[in-house]
Structures are given as C-alpha cells and as structure tokens.
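# Results of the structural survey
Below are the chains, spelled out letter by letter.
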Amino acid sequence: MKMKYKSFVYSIAVSLLAMSVLNKIYWIYMCGQYTDFEETKTAYLNLFPDFLQDAFILTVIEITALAAAIILFLESIMTGYLKKTSQILVIFSIILCWWNLFSLM
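Residues numbered from 1 in each chain as written. Predicted model: local features only at pLDDT ≥ 70, side-chain atom pairs only at ≥ 80, totals over all residues. Heavy atoms only, no water.

## Regarding the overall build of the protein
In terms of helices and strands, the protein carries four helices and zero strands. Going residue by residue from the N terminus, the α and β elements of the protein occur as α-α-α-α. When the backbone C-alpha atoms are referred to their principal axes, the protein occupies close to 50 × 25 × 25 Å. Burial statistics for the protein: of 105 residues in total, 31% are counted as buried. Counted over contacts in the protein with a minimum sequence separation of 6, partners at least 24 positions apart contribute 62%. Surface accessibility of the protein: about 7,000 Å² in total, with carbon and sulfur atoms responsible for 71%. (Helix = DSSP H or I, 4+ residues; strand = E, 2+ residues; numbered from the N terminus. Buried < 20%, exposed > 50% of the residue type's maximum accessible area, 1.4 Å probe, protein only. Contact = heavy atoms within 4.5 Å. Areas by Shrake-Rupley, 256 points an atom, 1.4 Å probe, with all protein chains shown as cover.)

Put into structure tokens, the structure is as follows:
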C-alpha cells in the first residue's frame, strides 16, 4: 500500500475512534447535568437529528464505527505503519467496542 493511502486510511480510523470518544464525552456530560436517567437520555438524544434519536441505532452505529476502526488499525499494524500507536489505539477501540456491546445487554 502506498504511503499516501496509508495515511488516509489511518486518518479515517482515527476519525471513527474520535467520533466514538466524543459520543461518550457527550453522554458523560449529560449524566453530570441531570439526575434522572430518563431526563439524561432525552437530553442526550436531542443532540442528534430526528432520524437518529434512538439509543439502539446510535449504539449500533458506534459499534460499527469502532469495528471499522479496529480493522483499519489492525491493517496498519500488519503493514507496519505507526505500529506502536496503532497497537494502543486498537486496544482502546476494542475496550470502547466492548463497552457499547455491554450497554446493549
């Protein structure tokens, strides 16, 4: 794989991971603003457009994004592109993915 493609693919993986981290930060912020779970959930879901205001759909989107990031980071590890950084980010992505899978239960 050419160098410019490696950096492009890597930036996609980092963007997907960043999207997931920002989503968690929004949720934690909302948890600090409200004491009731239903109020928190409503305020959190109101951050998104109408067609995305479903917790299940948002969780599935986040799991899919994290799975794609994991695959792209693993591809970077296989090609040797930013190997140490990719190893750390793939572990972090796996932890977040498991967190989301657990939240579906």
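Resuming the write-up.
## Section: the side chain of N23
Examined against the element boundaries, N23 turns out to sit in helix α1 (residues 3–33). Relative accessible area serves as the criterion here: at 11%, N23 is assigned to the buried category. Not counting residues within four places of it along the chain, the set of residues in contact with N23 comprises Y44, F48 and E62.

## What about the nonpolar core?
Membership of the largest hydrophobic core comes to 14 residues, with the highest contact counts inside it found for Y10, L17, L66, F73, L89, V90 and C97. At the level of secondary structure, the elements contributing two or more residues to this core comprise α1, α3 (55–79) and α4 (83–104). No other element matches the six residues that α3 contributes to this core. With residues near it in sequence (within four places) discarded, L89 still touches Y10, V14, L17 and F73. Residues M30, Y44, F48 and L58 belong to the second largest nonpolar core, which totals seven residues. (Core = buried A, V, L, I, M, F, W, Y, C linked by side-chain atoms within 4.5 Å.)

## Some thoughts on unusual backbone geometry
In this model, L82 sits at a positive phi of 45°, which is unusual for a non-glycine residue. Mapped onto the elements of the fold, L82 is located in the loop between α3 and α4.

## Considerations on the pattern of salt bridges
This model, assessed by the stated rule, comprises one salt bridge. E62 is paired through a salt bridge with K24; the nearest N and O atoms lie 3.7 Å apart. Of the two residues, E62 sits in helix α3 while K24 sits in helix α1, which places them 38 residues apart along the sequence. One exposure class covers both E62 and K24, and it is buried. (Salt bridge = Lys/Arg side-chain N within 4 Å of Asp/Glu carboxyl O.)

The analysis is restricted to geometry; functional conclusions fall outside its scope.
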